[in-house]
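# Descriptive structure summary
So you can see what is in the structure, the chains are spelled out below.
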Amino acid sequence: MTVYKYFIKVALKNKWIIIMYITIFFVMTLLNSTDAMKREESFVETRLNIGIIDKSMSELSSGLREYLEKENNIVDILEDEEYIKEQIFLEIADAVIIIPEDFDQKVVNKKEAILIYKDDRKPQALQIENQVNKFLAFANITYKDGRFELEDVKEALNESVEVQLLSSGDSYARTGVDSWFRFYYKFTGYVIIGVYIAIIGLVMSDFRDKNVDNRRKISSKRFLDFNKEMYLGQLTLAAAVTAVFIVASMLIMGKKLGEVYYIKYLVNLIVFSFSILCLTFLISNITRNKYAITALSTVLSLGTSFISGVMVPQELLGDKVLAIAKFFPMYYFVKINDSMIKSLLEVRYELFMQLLFAVVFLLIGLIFSKRAQKA
Amino acid sequence: MKEMIVKVKNVVKRYSEKLALDHFNMEVKEGEILGLLGPNGCGKTTAINCILSLLNFDKGEIQLFGQKMTPNSYDIKRQIGLVPQEVSVFENLTVRENIDYFCGLYVDDKNTRRRYVDEAIEFVGLKDYVKYYPKKLSGGLKRRLNIACGIVHKPKLIFLDEPTVAVDAQSRNFILEGIRKLNQEGSTIIYTTHYLEEAEMLCSRIIIMDNGKDLVSGTTEELKAMITTSEKIVVSFLSLEDEMIDSMHKIPHVVDIEKKGEDLIIKFENGNNNLSNLISFITEHKLTYRKLYSQLPTLNDVFLELTGRELRD
Ligand SMILES: Nc1ncnc2c1ncn2[C@@H]1O[C@H](COP(=O)(O)OP(=O)(O)OP(=O)(O)O)[C@@H](O)[C@H]1O
Ligand SMILES: [Mg+2]
């Protein structure tokens, strides 16, 4: 097991890279968690800046507008998706609401009646959703003989304020914890790409150095045994990094683990970690150049994090960007992280895609390694 | 009879256009220190790499320890050590870690390995540097580390590819001494170099190589006996006309006269009284000289006569 032992040893000689990435990670998490706490306290009185585009102009839609205007500040907005996303991204608007032409009908049929753009980085944005849902719920109750009793709705809304606050306290708190986990695990994706490619890539380039490898080739160590120990080393390293994240999240949020669907984060992280390990295998078979490896680790970790919605929520990214992001496992990893699910079956497609990428990376890597052996 | 442990027969190796080995032959007996002597680019490293299956070759046969050598001949490989021409170590591991790692490619048992590593460190004199990283070592010390990594598993057959290139005199002597010691302890050595003196001093037998071919092989004395020049006399005259040089050619056994600065190098073929014949000539013609001495031919003369070129240090 000398090869295994020295794989780990050489990896630990690059410990500064690991420490750097993990420090960035925990600083981010720390900033975020204090943020999350603040949100929980302040949601009650927040007035948000929202934009409303009313295409329906019905009695019902003006009723909704009136109600929202009372609770929030209204900002001017254009009906253009890119523009709306930009406004939200720049935090000029916290949310934008689009009321469709067939609004009334949709409400009656209990269909998804309203399109809301919001910034998921701010849980206050959920408040809008809540207000809209509340309004629609009351409206539905008053619906009779093809008419809404808007006066009753208004009354009910006014009365419900107190009740609402009491009963929503709990559910908001839960959202706060869940958003902490979402943020935390999304960012592990960034660190995993950076650390795996940098560390494993650099170590592999040391072991695959032509001169050093010639010494291995003339030795009595079987190639198969050698490779086995190398891959075991990679697996150990990956498992250790993954475990650090899992354990740290348990230490920080352990008491609240029961409040979220934790298995989702766990399984997703492990699957993602595996697919990036396969990506690293591919990269280390393509290049031994240390500069290329370091550059790839930075570019891929930051780049895919950005386009896949780690830094900015996926809803705020353009369709074109997301279309590109789909060619990398990070997109599916983030998607699962952001999902509100009760069973892993609901995200089986996203899990499958990550594993599919893993297999593809492995196969391409094998082709390259076979070619290198022949040369 | 000592066993023949390396047999290389008519090996041809071509790099795209360049013919690097041209029907190369080599045989090495157990216990020898064989010198593979030749100028830069003549194919020494290529020969070693072919023998060790690091390179595929186009034609020919290679046997080690009486068996055909292939990339999967792990039993043969166990008995072989290589000190490559370029320092081949991990920059990220210390001296001791490097030696231990390369030993670990052969030796699994921890205790044996610890002992072997200690002995290798002792052997190359790096005891005070075990915690150093290679980049902190001087050129000579780096070369010693390179050697330690190649011999730590106590191989029976050791290939050393120009282990003294760019090494100061002190480390060089240390290294040559070490190689002798390895040989005395029972290892067979194949040593490539383009330094004449080293080959002459160290090797029990020498193969002279040029353009991918083995030209001749034998002990230093045998090689020198092969060429026509058997004695060189160097004279430095105060003044000398060119006609006088022409008449010198008439002295018995003279094969060639070469002018080199102030010195005249007169080469004689095998024969008696060459020196006294020359002195008689000098007295006869009343020539005055500053110095005069006789030299036996060197390997350089051998190479010169075989190829028409000099093999300079
Ligand atoms: N990978 C290669 N591709 C093409 N030509 C090569 C390659 N390696 C070596 N050669 C050529 O083959 C010839 C023999 O090279 P080799 O390295 O075996 O010489 P050498 O005797 O070891 O020289 P030196 O004393 O400089 O180490 C040289 O002309 C060299 O340029
Ligand atoms: Mg060479």
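This structure is a prediction, so every number in the text was calculated from the model and none was measured.

## Points about the overall build of chain A
Secondary structure summary: chain A contains 14 helices and four strands in total. Overall, chain A is about 90 × 40 × 35 Å in size when its C-alpha atoms are taken along their principal axes. Within chain A, buried positions represent 51% of all 375 residues. A sequence separation of at least 24 residues applies to 75% of the contacts in chain A between residues at least 6 apart. Here chain A has roughly 18,500 Å² of accessible surface; of this, 62% comes from carbon and sulfur atoms.

## With respect to the coordination of the magnesium ion (ligand 2)
Residue and element names in this part refer to chain B. Within the protein, Thr-45 (OG1) and Gln-85 (OE1) serve as the donor atoms for the magnesium ion (ligand 2), at 1.8 to 2.1 Å. Taken together, the residues span a long stretch of sequence, with Thr-45 in helix H1 (residues 44–51) and Gln-85 in the loop between strand S6 (80–83) and helix H3 (95–104) at a distance of 40 residues. Of the residues examined, Thr-45 reaches a relative accessible area of 27% and is grouped as partly exposed.

## A short note on the domain arrangement of chain A
Domains assigned within chain A are domain 1 (2–39 + 174–374) and domain 2 (49–157). The straight-line distance from the C-alpha centre of domain 1 of chain A to that of domain 2 of chain A is 40 Å.

## With respect to the domain arrangement of chain B
For chain B, the domain assignment lists domain 1 (4–224) and domain 2 (231–296). Here the C-alpha centre of domain 2 of chain B lies 43 Å away from the C-alpha centre of domain 1 of chain B.

## Brief notes about the packing of helix H10 (residues 262–286) of chain A against helix H13 (residues 329–338) of chain A
Residue and element names in this part refer to chain A. Where H10 meets H13, the closest approach of the two axes is 10 Å, and the angle between their N-to-C directions is 175°. Between H10 and H13, the crossing angle belongs to the class labelled roughly antiparallel. Seen from H10, the contacting residues are Lys-264, Tyr-265, Asn-268, Leu-269, Phe-272, Ser-275 and Ile-276; seen from H13, they are Pro-329, Met-330, Phe-333, Ile-336 and Asn-337. When the residues that make up the contact of H10 with H13 are grouped by side-chain class, the tally is eight nonpolar, three polar and one charged.

## Concerning the site of ligand 1
Residue and element names in this part refer to chain B. The environment of ligand 1 is made up of Tyr-15, Lys-18, Ala-20, Asn-40, Gly-41, Cys-42, Gly-43, Lys-44, Thr-45, Thr-46, Gln-85 and Glu-162. The contact in question runs from an oxygen atom of ligand 1 to an N or O atom on the backbone of Cys-42, over 3.3 Å. At 2.4 Å, a side-chain N or O of Thr-46 approaches an oxygen atom of ligand 1. Contact with the protein chains removes 62% of the 630 Å² of surface that ligand 1 exposes when unbound. If one sorts the elements of the shell around ligand 1 by residue count, H1 sits on top with three residues. Tallied by class, the residues present in the shell around ligand 1 amount to three nonpolar, six polar and three charged.

## Some thoughts on helix H4 (residues 81–89) of chain A
Because each turn of an α-helix spans 3.6 residues, side chains separated by three or four positions end up pointing in the same direction. Residues and elements named next belong to chain A. Listing the buried residues of H4 in full gives Ile-84, Lys-85, Gln-87 and Ile-88. Projected onto a plane normal to the axis of H4, the buried residues spread over an arc of 160° and lie on a single side. Positive phi shows up at Glu-91, right after H4, with a value of about 65°.

## Observations regarding the confidence of the model for chain B
It should be kept in mind that the predicted coordinates are not to be read in detail where pLDDT is low. For chain B, mean pLDDT is 90; residues scoring 70 or higher make up 99% of the total. H3 of chain B holds the highest mean pLDDT among the elements of chain B, 97, whereas helix H11 (residues 299–307) of chain B holds the lowest, 83.

## Quick look at the interface of chain A and chain B
The interface of chain A with chain B comprises 23 residues on the first partner and 28 residues on the second. The contact between chain A and chain B buries some 2,500 Å² in all, and 56% of this surface belongs to carbon and sulfur atoms. It is Arg-215, Ile-218 and Ser-220 of chain A in chain A that bury the most area against chain B; as a group they hold 32% of the surface buried on that side. Linking chain A with chain B are three salt bridges, by the criterion used here. A salt bridge links Glu-97 of chain B to Lys-13 of chain A; its shortest N-O distance comes to 2.8 Å. Connecting chain A to chain B are 13 residue pairs in polar contact (both at pLDDT 80 or more). The set of elements that each furnish at least two residues to the side of chain A that touches chain B consists of helix H1 (2–13), helix H7 (150–207), helix H8 (210–218) and helix H9 (223–253) of chain A. Classifying every residue of the side of chain A that touches chain B by side-chain character gives eight nonpolar, five polar and ten charged.

## Considerations on the environment of Thr-142 of chain A
Residue and element names in this part refer to chain A. Examined against the element boundaries, Thr-142 turns out to sit in helix H6 (residues 124–142). As a C-alpha pair, Thr-142 and Asp-152 span ten residues in sequence and 7.2 Å in three-dimensional space. For Thr-142, the contacting residues outside a window of four places in its chain are Arg-147, Phe-148, Glu-149, Asp-152 and Val-153.

## Notes on the sheet that holds strand S13 (residues 263–269) of chain B
By way of backbone hydrogen bonds, the strands of a sheet pair with one another, either parallel or antiparallel. All names here are of chain B. Pairing within the open sheet is antiparallel, and its four strands lie in the order S12-S13-S11-S14. Each edge of the sheet is formed by a strand with only one pairing partner; in this case those strands are strand S12 (254–260) and strand S14 (289–295). For this sheet the average axis-to-axis angle between neighbouring strands, irrespective of direction, equals 15°. Of the pairings in the sheet, the one linking strand S11 (residues 229–237) to S14 comprises six bridges and is antiparallel in character. Bridged to Val-235 within S14 is Leu-292.

## What about a nonpolar patch on the surface?
Judged by side-chain polarity, Tyr-349, Phe-352, Leu-356, Val-360 and Ile-364 of chain A come together as a nonpolar surface patch covering roughly 440 Å² of accessible area. On the secondary structure map, Val-360 of chain A appears in helix H14 (residues 348–374).

## Some thoughts on the sheet that holds strand S1 (residues 4–15) of chain B
Residue and element names in this part refer to chain B. Ordered in space as S2-S1-S4-S5, the four strands form an open sheet in which the pairing is antiparallel. What marks the edges here is a single partner per strand, and that holds for strand S2 (18–29) and strand S5 (67–68). Those strands touched by H1 are S1, S2 and strand S4 (59–64), and its axis lies near 65° from that of S2.

## A short note on the pattern of salt bridges
Per the counting criterion, the structure on display carries 29 salt bridges over all chains. The partner of Asp-213 of chain A in a salt bridge is Arg-216 of chain A, with the nearest N and O atoms 3.2 Å apart. Of this pair, Asp-213 of chain A and Arg-216 of chain A both sit in helix H8, three residues apart, which is roughly one turn of that helix. Like Arg-216 of chain A, Asp-213 of chain A is buried. Across the salt bridge formed by Asp-301 of chain B and Lys-232 of chain B, the nearest N and O atoms sit 3.1 Å from each other. Of the two residues, Asp-301 of chain B is situated in helix H11 and Lys-232 of chain B in strand S11; the sequence distance between them amounts to 69 residues. A residue is classified by how much of its surface remains accessible, and Lys-232 of chain B, at 10% relative accessible area, is buried. Overlapping salt bridges, with partners in common, bring together Lys-5 of chain A together with Asp-100 and Arg-113 of chain B in one network.

Basis of the calculations
Residues numbered from 1 in each chain as written. Chains lettered and ligands numbered in written order. Predicted model: local features only at pLDDT ≥ 70, side-chain atom pairs only at ≥ 80, totals over all residues. Heavy atoms only, no water. Helix = DSSP H or I, 4+ residues; strand = E, 2+ residues; numbered from the N terminus. Buried < 20%, exposed > 50% of the residue type's maximum accessible area, 1.4 Å probe, protein only. Contact = heavy atoms within 4.5 Å. Areas by Shrake-Rupley, 256 points an atom, 1.4 Å probe, with all protein chains shown as cover. Donors = N, O, S within 2.8 Å, 3.2 Å for Na, K, Ca; no water. Domains from an automatic or database assignment. Axes fitted to C-alpha atoms, helices over the stretch in contact; angles between N-to-C directions. Parallel < 35°, antiparallel > 145°, perpendicular 65-115°, else oblique. Nonpolar A, V, L, I, M, F, W, Y, C, P; charged D, E, K, R; others polar. Near = heavy atom within 4 Å. Polar contact = N/O pair within 3.5 Å; in protein donor to acceptor, adjacent residues only side chain to side chain. Arc of directions from axis to C-beta. pLDDT = per-residue confidence, 0-100. Buried area = accessible area lost by both parts, 1.4 Å probe. Salt bridge = Lys/Arg side-chain N within 4 Å of Asp/Glu carboxyl O. Pairing = 2+ DSSP bridges. Patch = residues over 30% accessible without salt bridge, like charges linked within 9 Å, V, L, I, M, F, W, Y side chains within 5 Å.

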